[in-house]
Amino acid sequence: MIREREVTTVPGGVVLAALLVGGAGLAYALFESVQGPPPGPTVWTGLVLLGMLAAFVCLFGFFVVNPNEAKVLQLFGSYVGSEKAAGLRWANPFYSKSRVSLRAVSQESARLKVNDLDGNPIEIAAIIVWKVVDSAQALFQVDRFDQYVGVQCEAALRNLATSYAYDSHEDGKLSLRGHTT
């Protein structure tokens with residue numbers, strides 16, 4: 001069973017500043033190698049081009065995490081961790097990033113026709129409020145976790161309705177009509 005774990009990412013502003021400073025240094029080195037006395041490509045030119053390629057690859061590591069959202073990070077299909085801190089973040093550019101909403105969701109179940117404890121047919125429905133707590137389990141343990149919650153809520157509602165009588169004729173006995181909680 002996969003449990004959610006925090007992954008170490010870097011604030012995007014820090015990486016962006018480092019890339020800008022490094023890019024300026026690489027541009028200066030390229031300028032100096034072009035202005036220098038030896039004609040043609042030099043070691044500096046090769047290093048500058050290699051640095052520019054590395055900086056380009058690093059740009060793919062930036063991602064944005066919105067409030068009430070998590071990004072699940074995977075490296076070649078293997079779970080690495082989840083990032084919940086909102087803002088511009090940076091992680092290994094080879095990580096794939098999947099979005100999982102952590103917002104509260106309310107959904108209304110369909111009207112169900114079931115028999116209560118006494119065998120009387122009743123129609124019952126519910127409004128369910130839920131939210132994702134563990135983004136890794138939501139993504140990896142079930143297919144379409146939003147549909148899964150709906151099916152589980154319907155099963156729980158059926159179970160509840162068949163466990164109690166709709167109306168109790170005795171004092172102190174729980175019923176669906178008398179005790180809404």
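If you're wondering where the values come from, they're calculated on a predicted model, not measured in any experiment.

A few points about the pattern of salt bridges
Working step 1: The full count for this structure, using the stated rule, is six salt bridges.
Working step 2: A salt bridge links R99 to E69, with the shortest nitrogen-to-oxygen separation between them at 2.7 Å. With R99 in strand β6 (residues 95-101) and E69 in strand β3 (residues 69-75), the pair connects residues that are 30 residues apart, well separated along the chain.
Working step 3: In the salt-bridge network here, residues are joined through shared partners; they are R111, K113 and E123.

Description of the pairing of strand β4 (residues 78-83)
Regular strands show a simple pattern: their side chains alternate between the two faces of the sheet.
Working step 1: Sheet analysis places β3 next to β4, joined by five bridges and oriented antiparallel. By the bridge assignment for β4, L75 is matched with S78.
Working step 2: Hairpin remark: β3 followed by β4, antiparallel, with two residues in the connecting loop; positive phi at F76, about 55 degrees.

Comments concerning the side chain of D134
Working step 1: When you line up the elements, D134 lands in the loop between β10 (127-130) and α3 (135-140).
Working step 2: For D134, the side chain forms a polar contact with the main-chain nitrogen of A136, separated by 3.2 Å.

Thoughts on the sheet that holds β6
In sheet architecture, strand pairing relies on hydrogen bonds along the backbone and comes in two forms, parallel and antiparallel.
Working step 1: Spatial ordering of the open sheet is given by β4-β3-β6, a layout of three strands whose pairing is antiparallel. With one partner strand each, in any of the chains shown, β4 and β6 form the two edges of the open sheet. Averaged over all pairs of adjacent strands, the angle between strand axes in this sheet comes to 25 degrees, irrespective of strand direction.
Working step 2: Note: β3 against β6, seven bridges, orientation antiparallel. Residue A70 lies in a different strand from β6, and its bridge partner there is V100.

Remarks on the nonpolar core
Working step 1: Judged by nonpolar contacts, A70, V72, Y79, V100, L102, I128, W130, V132, A136, A138, V149 and C153 together constitute the single largest core of 12 residues.
Working step 2: Those elements giving two or more residues to this core turn out to be β3, β10, α3 and α4 (145-163).
Working step 3: Among the nonpolar cores identified, the runner-up in size contains seven residues, and V114, I122, I124 and L176 belong to it.

Overview of a nonpolar patch on the surface
Working step 1: Residues L50, L53, F56, V57, L59, F60, F76 and F94 make up a contiguous nonpolar surface patch of about 900 Å² in total accessible area.
Working step 2: Within the secondary structure, V57 is located in helix α2 (residues 43-58).

Criteria and thresholds
Residues numbered from 1 in each chain as written. Predicted model: local features only at pLDDT ≥ 70, side-chain atom pairs only at ≥ 80, totals over all residues. Heavy atoms only, no water. Salt bridge = Lys/Arg side-chain N within 4 Å of Asp/Glu carboxyl O. Helix = DSSP H or I, 4+ residues; strand = E, 2+ residues; numbered from the N terminus. Pairing = 2+ DSSP bridges. Polar contact = N/O pair within 3.5 Å; in protein donor to acceptor, adjacent residues only side chain to side chain. Axes fitted to C-alpha atoms, helices over the stretch in contact; angles between N-to-C directions. Core = buried A, V, L, I, M, F, W, Y, C linked by side-chain atoms within 4.5 Å. Buried < 20%, exposed > 50% of the residue type's maximum accessible area, 1.4 Å probe, protein only. Patch = residues over 30% accessible without salt bridge, like charges linked within 9 Å, V, L, I, M, F, W, Y side chains within 5 Å. Areas by Shrake-Rupley, 256 points an atom, 1.4 Å probe, with all protein chains shown as cover.

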